[in-house]
Amino acid sequence: MRDDEATLSEDRIAPPRGPEAVSTEVAGTEAVAGTPGTEAVGTDAADPRALPVWTRRLVVVGLIAAALNLRPAVTSLGPLLEEVRDGLGMSGTVAGLLTSMPMFCFGVFGATAPRLARRYGPGAVVCAGMAAITVGLLLRPFAGGTAVFLVTSALALAGIALTNVLMPVIVKRYFPHRVGAMTGLYSMALSVGTALAAAVTVPLTHAAGDNWRLGLGAWAALGALGVLPWLALVRDRSGADAPATPGSPATPNAAAPALRITRSRTAWALAVFFGLQATGAYIVMGWLPQIFRDAGVSASTAGVLLAVTMAMSVPLSFALPAIAGRMRHQGGLVVVLGAFGLAGYAGLWLAPAALPLLWAVLLGVANSSFPLALTMIGMRSRSGHGVVRLSAFAQSTGYLLSIPGPILVGALYQHTGGWRLPIALMAALLVPQMAAGLLAGRARHVEDEA
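All chains use their own residue numbering, which begins from 1 and follows the written sequence. Residue-level local features of this predicted model are given only where pLDDT is at least 70; pairs of side-chain atoms are given and counted only at 80 or more, and the full residue set underlies all totals for whole chains, interfaces and linings. Only heavy atoms go into the side-chain values, all of them from the structure, while hydrogens and water stay out.

Where helices and strands are cited, they refer to DSSP runs of H or I of at least four residues and of E of at least two residues respectively, numbered from the N terminus. Along the protein chain, the regular secondary structure elements total 23 helices and zero strands. Exposure classes here rest on a 1.4 Å probe applied to the protein chains alone. A residue is buried below 20% of its type maximum, exposed above 50%, and partly exposed in between. Split into buried and exposed, the 450 residues of the protein chain put 58% on the buried side. Here, residues are in contact when the closest pair of their heavy atoms is within 4.5 Å. Looking at the protein chain alone, contacts between residues at least 24 apart form 84% of all its contacts between residues at least 6 apart. As presented, the protein chain carries roughly 17400 Å² of accessible surface, and 66% of it is formed by carbon and sulfur atoms. Surface accessibility follows the Shrake-Rupley procedure with a 1.4 Å probe radius. Residue values consider only the protein chains on display as shielding.

For the rest of this paragraph, the subject is the nonpolar core. Working definition of a nonpolar core: buried Ala, Val, Leu, Ile, Met, Phe, Trp, Tyr and Cys residues. They are joined through side-chain atoms within 4.5 Å. Phe 149, Met 167, Trp 230, Tyr 345 and Leu 348 are the most contacted members of the largest nonpolar core, which has 117 residues in total. Residues in contact with Trp 230, not counting those within four places in the same chain, are Gly 62, Leu 63, Ala 66, Gly 123, Val 126, Cys 127, Met 130, Met 167 and Ile 170.

A few words on the pattern of salt bridges. One speaks of a salt bridge when a side-chain nitrogen belonging to Lys or Arg is within 4 Å of a carboxyl oxygen belonging to Asp or Glu. Following the criterion strictly, the structure yields one salt bridge and no others. Of the charged contacts in the structure, one is a salt bridge between Arg 293 and Glu 83, with a shortest N-O distance of 2.8 Å. With a gap of 210 residues between them, Arg 293 in helix H14 (residues 265-294) and Glu 83 in helix H5 (residues 81-88) connect regions that are remote in the sequence. According to the relative accessible area criterion, Glu 83 is partly exposed, its value standing at 25%.

Bringing the side chain of Ser 402 into the picture now. Position of Ser 402 among the secondary structure elements: in helix H20 (residues 384-402). Nitrogen and oxygen atoms within 3.5 Å of one another constitute a polar contact, given that in protein one can donate a hydrogen and the other can accept it, and given that sequence-neighbouring residues count only through two side-chain atoms. A distance of 2.7 Å separates a polar atom in the side chain of Ser 402 from the backbone oxygen of Tyr 399. Among all residues touching Ser 402, those that are not within four sequence positions of it are Met 103, Gly 275, Ala 278 and Thr 279.

Taking 1.5 Å of rise per residue, 16 residues should cover 22 Å, and helix H3 (residues 53-68) covers 23 Å from first to last C-alpha, within 8% of that figure. Those residues of H3 lying buried are Thr 55, Leu 58, Val 59, Gly 62, Leu 63, Ala 65, Ala 66 and Ala 67. Multiply 1.5 Å by the residue count of a helix minus one, and that product is the helix's expected span.

Looking now at the environment of Ala 346. Locating Ala 346 in the fold gives a position in helix H17 (residues 331-350). For the pair Ala 346 and Ala 424, spaced 78 residues apart in sequence, the C-alpha to C-alpha distance is 8.5 Å.

Moving on, we come to a nonpolar patch on the surface. Note that patches include only residues with greater than 30% relative accessible area and no salt bridge, and the join distances are 9 Å for like charges and 5 Å for nonpolar side chains (Val, Leu, Ile, Met, Phe, Trp, Tyr). Nonpolar side chains collect at one region of the surface, where Val 135, Leu 138, Leu 139 and Leu 155 lie side by side and expose about 320 Å² of accessible area between them. Among the elements that make up the nonpolar patch, the one with the highest residue count is helix H8 (residues 122-139) (three residues). Take Val 135: it is sitting in helix H8. On the accessibility criterion, Val 135 (39% relative accessible area) is partly exposed.

With that out of the way, let us pick up the packing of H5 against H14. Where H5 contacts H14, the two axes come as close as 9 Å, and the packing angle between them is 90°. With respect to their mutual orientation, H5 and H14 come out roughly perpendicular. Of H14, the residues touching H5 (which contributes Leu 81, Glu 82 and Glu 83) are Gly 286, Trp 287, Gln 290, Arg 293 and Asp 294. Here the contact of H5 with H14 is composed, by residue class, of two nonpolar, two polar and four charged. The convention used is that axes are lines fitted to C-alpha atoms, helices contributing only their stretch in contact, and that angles between N-to-C directions extend from 0 to 180 degrees. Working rule for angles: under 35 degrees goes down as roughly parallel, over 145 as roughly antiparallel, 65 to 115 as roughly perpendicular, anything else as oblique. Note on residue classes: Ala, Val, Leu, Ile, Met, Phe, Trp, Tyr, Cys and Pro are nonpolar, Asp, Glu, Lys and Arg are charged, and everything else, Gly too, is polar.

Before going further, it helps to examine the confidence of the model for the protein chain. What pLDDT reports is the predictor's confidence in each residue, on a scale of 0 through 100. Of all residues in the protein chain, 79% have pLDDT values of 70 or greater, and the mean over the chain is 78. Low pLDDT, under 50, characterises residues 1-46; the stretch is placed with 125 contacts to residues that sit more than four places away or in other chains. This stretch, residues 238-256, has a pLDDT under 50; its non-local contacts, to residues over four places away or in other chains, come to 20 contacts.

A few words now on the packing of aromatic side chains. Only Phe, Tyr and Trp rings take part, Trp by its six-membered ring, and two of them pair if their centres are within 6.5 Å. Stacked means planes under 30 degrees apart, edge-to-face means over 60, and tilted covers everything else. Under the counting rule described, the total for this entry stands at five aromatic pairs. Geometrically, the ring pair formed by Phe 274 and Tyr 399 is edge-to-face, given 5.3 Å between the ring centres and 85° between the ring planes. With Phe 274 in helix H14 and Tyr 399 in helix H20, this residue pair connects regions lying 125 residues apart in the sequence. Neither Phe 274 nor Tyr 399 differs from the other in exposure class; each is buried. Between Tyr 413 and Trp 419 the ring centres are 4.1 Å apart and the planes differ by 15°, which places this aromatic pair in the stacked class. In this structure, Tyr 413 and Trp 419 share a single accessibility class: buried. In this structure an aromatic cluster arises from ring pairing among Phe 274, Phe 370 and Tyr 399. In this scheme, Lys NZ or Arg CZ marks a charge over a ring once it lies within 6 Å of the ring centre and within 35 degrees of the ring normal. Sitting above the plane of the Trp 349 ring, Arg 420 keeps its charged end 4.0 Å from the centroid.

Of note, the phi angle at Asp 210 is positive, near 60°, even though the residue is not glycine. Note on placement: Asp 210 falls in the loop between helix H10 (179-207) and helix H11 (212-217). Among the residues examined, Asp 210 registers a relative accessible area of 52% and is labelled exposed.

Structure, rendered in structure tokens:
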């Protein structure tokens, strides 16, 4: 038995074993990924045998419908960013700000999700989040100026933040014995929605008479469909936390000793790694189609190439946790993914239109560091309480670190009039990402350092 596994066993926490074990850990941690100290939604799960069959089936439909809507607000914009900028008179710097908004909204609005779920129930909050996505996507294409476009985009992203945080909680409550399978289903639907929006937005725009407003607004229809199953689950509290009663056992968070997470070098390394991988992912989602279009690739092909990049995460999100869970040191995987990214950026820098499909595939592999980061979060603590604190710190700090990247890329693009310097910056960011990943991938536990 490995040393780290033996330690975990002593604390009666099952060691990470493949995607299901990792997903179980993540499902319990992402609910508090907004900010350190945020209240976690409890993990008391409903007994699946006590739930009506129709409820379980409706939750499955709701999970898939919600996951499909968690990325189109971001990836539908990239292929049409040039038209949006021209139509609204948006500068490159403001466009970079727009591509940074998802990280900001995930940090700010996602932090409110656990408390809202405690008060109103997860189903009601998810339903409200889906409604916010629908309204935001419907209104933003018809904005009369840049400010309104940004506000309505923020509305849609706020809905995504709330829903994204609560999806793992929903999975753990309604399917406590099938967390891995249901998380995989939800992750796959999220990836499909991401790729679908990137590939289909431009054809939708052409079908609408080359009206970019209609092409973007069409995704509100998918959001409206996503609201429907949650309307029936708004009042369902079968998976809700049991109310605390006098004499009831203390919650894990209450009984756990204080953990000063900011003293841990491993926690900081994970935060930096998470932030830099998020920076690369959102730069690619926001700017990759424009890079290809400026190289002479058609708008529709650029959208398909972005879809290919996003679709690479579908198989890798299952494979990487399984591989990482069997490794004592995950630094090798970090370096391999970083090497794919360097190769992809080198291709974009030298000849973006020569082999665009290859560059898209290479960057898609590199941008699959997200499931690896979540896996390492689950492996770097001995206890469930530690995983919660580590996840909250690494993700919230990481998202804050990732905000300037897309803005800087947009500013460099505007002031240089080309992509060589921005692409060089994207490639350069992979170096500290790999260094941080090597440190975070060591077989360490934050409790030993904090």
